[in-house]
Amino acid sequence: MKSAEITHTTLLVLDGCNTLTLAAAVDPLRAANRQAGRPLYEWHFATPRDRAVQLTSGLEIPAAPIHKMPATDLLIIVAGFAVEAQTTPQLTASLRRIAAQGAIVAGIDGGPWVMARAGILDGHSATTHWEDFEGFSHNFPAVELINTRYQVSGKRLTSAGAAPALEMMLHLIGDRHGATLAGRIATAFIFDPAPPRPQSRAQNPRHSRLTARAQQRMEAALETPLPLRDIAADLGVSDRAMQQQFRTHLGVTPQAHYLALRLSQAERLVRDTRLPLQEIAMNTGFGSPASFARAFRTRFQMSASQMRQRTGKPG
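Residues numbered from 1 in each chain as written. Predicted model: local features only at pLDDT ≥ 70, side-chain atom pairs only at ≥ 80, totals over all residues. Heavy atoms only, no water.

Looking only at helices and strands, the protein chain features 14 helices and ten strands. For 315 residues, the compact-globule formula gives about 20 Å, and the C-alpha radius of gyration of the protein chain, at 21 Å, lands near that figure. Its C-alpha atoms give the protein chain principal-axis dimensions of about 60 × 45 × 35 Å. Here the protein chain holds 315 residues, and 51% of them are scored as buried. (Helix = DSSP H or I, 4+ residues; strand = E, 2+ residues; numbered from the N terminus. Rg over C-alpha atoms; globule rule 2.2 N^0.38 Å. Buried < 20%, exposed > 50% of the residue type's maximum accessible area, 1.4 Å probe, protein only.)

Close approach of charged atoms allows side chains with opposite charge to pair. Tallied over the entire structure, the rule returns six salt bridges. For the salt bridge of aspartate 27 with arginine 30, the shortest nitrogen-to-oxygen distance reads 2.8 Å. One end of the pair, aspartate 27, and the other, arginine 30, are both in helix H1 (residues 19-36), three residues apart, so they sit about a helical turn from each other. Its relative accessible area of 28% is what places aspartate 27 among the partly exposed residues. According to the relative accessible area criterion, arginine 30 is partly exposed, its value standing at 33%. Glutamate 167 is paired through a salt bridge with arginine 149; the nearest N and O atoms lie 2.5 Å apart. Here glutamate 167, found in helix H6 (residues 162-177), pairs with arginine 149, found in the loop between strand E8 (144-145) and strand E9 (150-153); they are 18 residues apart in sequence, far enough to count as distant. (Salt bridge = Lys/Arg side-chain N within 4 Å of Asp/Glu carboxyl O.)

Working note: a packed helix pair is described by the angle between its axes plus the distance between those axes. One way to put it is that helix H10 (residues 239-250) packs onto helix H11 (residues 254-272) with a least axis distance of 9 Å and a crossing angle of 70°. Compared by their axis directions, H10 and H11 come out roughly perpendicular. Residues Met242, Gln243, Phe246 and Leu250 of H10 lie in contact with H11, whose contacting residues are Pro254, Gln255 and His257. For the contact of H10 with H11, a count of residues per class yields four nonpolar, three polar and no charged. (Axes fitted to C-alpha atoms, helices over the stretch in contact; angles between N-to-C directions. Parallel < 35°, antiparallel > 145°, perpendicular 65-115°, else oblique. Contact = heavy atoms within 4.5 Å. Nonpolar A, V, L, I, M, F, W, Y, C, P; charged D, E, K, R; others polar.)

These figures capture arrangement, not role.
Next up, the structure:
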């Protein structure tokens, strides 16, 4: 969606969001204007009510109530703590009005929760901060929740936190003005987008709705794996039906898929942290170091200690 027109942007800032999250939302817009040598974006800050809001750093955003704001092309909701109390009927009405006018709506950190509470994520896929994952899934069953860094679903964008928000903004800018501009912005920030997570549902189009929902439950319980019959019952299907869905769509059994998710997490922890290997085994649902060692070597053709030595993170 490339365009030479100025994108009128509103940043809705809630009490208790952090400064890094707000910067990840607005600074790429400034950088886009600078790198393009002309105004591509203009932005205004908005507040849920007719009073200033305060960031966790103590910075204040002056009062600019969202219900008084004119139409906008892009609405970015930046939220952090206590989003439930701030998502008033007046705020949700404003969000529904803006979404109905055709605006792109993006949410960062607690922003997806605000969007979902307003009903503007119904029928869409979305992500949210990992601390809110279980509660979000329970409260908003009409939203397909995906465990990824950021998610794009039509005119709805959601980010799991501040760092992925920068990736999301680069995607948005690149979609509208081209990958070259987005790349120049990333270079200016000395930023390399993170690679996609292994086994991410967002990266696997073969998933059915059932297998995707089953994986969501698996990913939320890597440390203490759930019995597969409990996952099937929670999804309202028989264990046999879930087995068939996994074999048909993914070509593996649910047991093998669950093990692959746990081992992918173990690999990340081995490569990227200094956690003791015994603790990694516990964090990924292995009952003993010996069972972890066998499964890890079978999957990666080397031991966890050998992989760690190659990364230069002994521990």
